[in-house]
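# Breakdown of the fold
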Amino acid sequence: MPSRPDSRLLWALVLALVTAIVTGVVGDSLQAALIAGVGGVAAVLLGGLEHAESPSAAEPEPERLPELLGQLLDAVVQPVLLVEQGRVLFANRAAVAELGRHIVGEDVRVAIRHPAAAARLGTVGAVPVERPIELVGLGSIDRRWEMRVGEAGSFRIVQLIDRTGAYAAERMRIDFVANASHELRTPLASILGFIETLGDEAGADPDVRARFLKVMFDEARRMQRLVEDLISLSRIEAEKHELPSSAVDIATLVAEVRAEIFDMGDDRGHAVALDLDPDVPYVCGDRARLSQMLHNLIGNAVKYGRPGTPVKIALRRDGGMVRLAVADEGEGIAAEHIPRLTERFYRIDAGRSRTLGGTGLGLAIVKHIVERHRGRLDIASKAGVGTTVTVLLPTMDDVVTNL
């Protein structure tokens, strides 16, 4: 049976191993609670060492070492492997979920089947922890992981950090900047070209000058709408965690937006038909944002519906929600486009959208407004028949009941 100091030494080694994971490998991905727990274990160990001569001091059992190690590593939300002599000695719960229970006891290069991982894990000696390896396609083709490897004595600690979401967000940001730049550059180039032409002989002809000035004004207005939509989208995203709390008479608001579109002078505005239930309850929301949502939805239906066909707006109570449906009888949308309609700057027909004054941000704004109101958005369409956009919003009574 090992002596008292040897037993404590084993516990100290476990503490050193876990500390290496916290400070050298896991870093800021580990919860603060786990770090505090490691500190608590350290305090217990130090207290035990200081009172080694006391006959009443409780001696930790070496048999509990695997149990303690398992509990600590299972608290890490990202996959962690403990490797000894090239084989997986222990895999935490997250690693088992991602790679399978069979990896325990396997060669680590077989457990993590990736060429970049095999090259790193096949090296001998200390591995610098500040140089993570990117693994693309591990688990599935669209997954991206960052693998970190650290050394603790004869053990090697391997952690996989899921970077899929961060990569997607970065890709979205890059695409957004590129698309916004393109959308602004096109009308700006047009305006500059016409200004240059007007500065030459063309400016002397009143008819040509008037035509060019109208094009320049339309392009400037298009840029203004785009900038306004970008600012609006930015503000809505900043507010997305703030649940609106005002009672909004959605039926009255729908009628007001319909009247505003009617008064804009567009002949298609006269085609908007309302079908509102008289007992539709108030919704819990932000009146200004809901008005913006309605303008975008009804405006889209008016623009893309066929001339001479109605745009139907229906408002109903649906359990603890209010159901708003905006339907047009336009060309419809092919099924493959529907999942991407709420992406920023996504257009089915870019030329037609720009001709009709669209910025490519309308449905993205609608989606974020609906999400902020804890509602649901659905788009259904059939080619040659038309499109129906449905929004479900929680009623004021339902929100108060659930508080």
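Relevant structure appears above.
In short, a report on the structure. Note that the structure is predicted; figures quoted are calculated from it, not measured.

Before going further, it helps to spend a moment on the sheet that holds strand β7 (residues 272-276). What the five strands build is an open sheet, ordered β7-β9-β10-β12-β11; its pairing is mixed. Two strands lie at the open edges of the sheet, namely β7 and β11 (376-382), each paired on one side alone. Ignoring strand direction, the axes of neighbouring strands in this sheet form an average angle of 15°. Two elements, strand β9 (residues 311-318) and strand β10 (residues 321-328), share seven bridges in a ladder whose sense is antiparallel. Within β10, the residue paired with Arg317 across the bridge is Val322. Packed on one face of the sheet, helix α9 (residues 250-263) meets β7, β9 and β10 and runs near 170° to β7. On top of the sheet, helix α10 (residues 287-304) reaches β7, β9, β10 and β12 (386-394); it is set at about 25° to β10, its chief contact.

Attention now moves to the packing of α10 against helix α12 (residues 362-372). In helix packing, the relevant descriptors are the interaxial angle and the interaxial distance, both defined with respect to the helix axes. With their axes 9 Å apart at the nearest point, α10 and α12 run at an angle of 140° to one another. Viewed along their axes, α10 and α12 adopt a mutual orientation that is oblique. Both α10 and α12 take part in a crossing whose hand is left-handed. In this structure, α10 uses Arg289, Gln292, Met293, Asn296, Leu297 and Asn300 to contact α12, whose residues at the interface are Gly362, Leu363, Ile365, Val366, Ile369, Val370 and Arg372. For the contact of α10 with α12, a count of residues per class yields seven nonpolar, four polar and two charged.

Our focus in this paragraph is α12. Along α12, nine of the 11 residues are buried, which leaves the element largely enclosed by surrounding structure. Of the positions making up α12, those classed as buried are Gly362, Leu363, Ala364, Ile365, Val366, His368, Ile369, Val370 and Arg372. In this structure, the buried side of α12 is in contact with α8 (206-238), α10, β11 and β12. Positioned one or two residues after α12, Arg374 has a phi angle of 60°, which is positive.

We now examine the side chain of Thr390. Residue position: Thr390 is located in strand β12. Residues in contact with Thr390, not counting those within four places in the same chain, are Arg323, Leu324, Ala325, Arg376, Leu377 and Asp378.

Okay, the environment of Ala116 next. Tracing the sequence through the fold places Ala116 in helix α6 (residues 115-121). Owing to a relative accessible area of 28%, Ala116 belongs among the partly exposed residues under this scheme. Spatially, the C-alpha atom of Ala116 lies 7.2 Å from that of Ile133, the residues being 17 residues apart in sequence.

Taken together, the side chains of Leu188, Leu192 and Ile195 present a nonpolar region at the surface, about 270 Å² in accessible area. Tracing the backbone through its elements, the reader meets Leu192 in helix α7 (residues 164-198).

The next point concerns the pattern of salt bridges. Within the structure shown, the criterion is met by 17 salt bridges. Notably, a salt bridge pairs Arg316 with Asp277, separated by 3.4 Å at the nearest N-O pair. Of this pair, Arg316 sits in strand β9 while Asp277 sits in the loop between β7 and β8 (283-285), and the two are 39 residues apart along the sequence. In this structure Arg316 comes out as partly exposed when scored by relative accessible area, which is 27%. Between Asp286 and Arg372 there is a salt bridge; the shortest N-O distance is 3.1 Å. Highlighted residues: Asp286 in the loop between β8 and α10 and Arg372 in helix α12, separated in sequence by 86 residues.

The strand order across the open sheet formed by five strands is β2-β1-β5-β4-β3, and the pairing between neighbours is antiparallel. Each of the sheet's edge strands pairs with one partner strand only, and the pair in question is β2 (87-91) and β3 (133-136). Looking at each pair of strands side by side, their axes are set apart by 30° on average, direction ignored. Where β3 lies against strand β4 (residues 144-152), four bridges are found, and the strand directions are antiparallel. Paired with Val136 across the strands is Arg144, a residue of β4.

We now examine the pairing of strand β5 (residues 155-162). Look at any regular strand and the pattern is simple: side chains alternate between the two faces of the sheet. Across the eight residues that make up β5, a large majority, six, are buried. Here strand β1 (residues 80-84) pairs with β5 via five bridges, running antiparallel. Bridged to Val83 within β5 is Arg156. Here β4 pairs with β5 via eight bridges, running antiparallel. Within the sheet, the bridge partner assigned to Trp145 lies in β5 and is Asp162.

Scoring rules and cut-offs
Residues numbered from 1 in each chain as written. Predicted model: local features only at pLDDT ≥ 70, side-chain atom pairs only at ≥ 80, totals over all residues. Heavy atoms only, no water. Pairing = 2+ DSSP bridges. Helix = DSSP H or I, 4+ residues; strand = E, 2+ residues; numbered from the N terminus. Axes fitted to C-alpha atoms, helices over the stretch in contact; angles between N-to-C directions. Contact = heavy atoms within 4.5 Å. Parallel < 35°, antiparallel > 145°, perpendicular 65-115°, else oblique. Left-handed = near helix turned anticlockwise from the far one by under 90°. Nonpolar A, V, L, I, M, F, W, Y, C, P; charged D, E, K, R; others polar. Buried < 20%, exposed > 50% of the residue type's maximum accessible area, 1.4 Å probe, protein only. Patch = residues over 30% accessible without salt bridge, like charges linked within 9 Å, V, L, I, M, F, W, Y side chains within 5 Å. Areas by Shrake-Rupley, 256 points an atom, 1.4 Å probe, with all protein chains shown as cover. Salt bridge = Lys/Arg side-chain N within 4 Å of Asp/Glu carboxyl O.

All quantities given are derived from atomic positions and should not be read as evidence of function.
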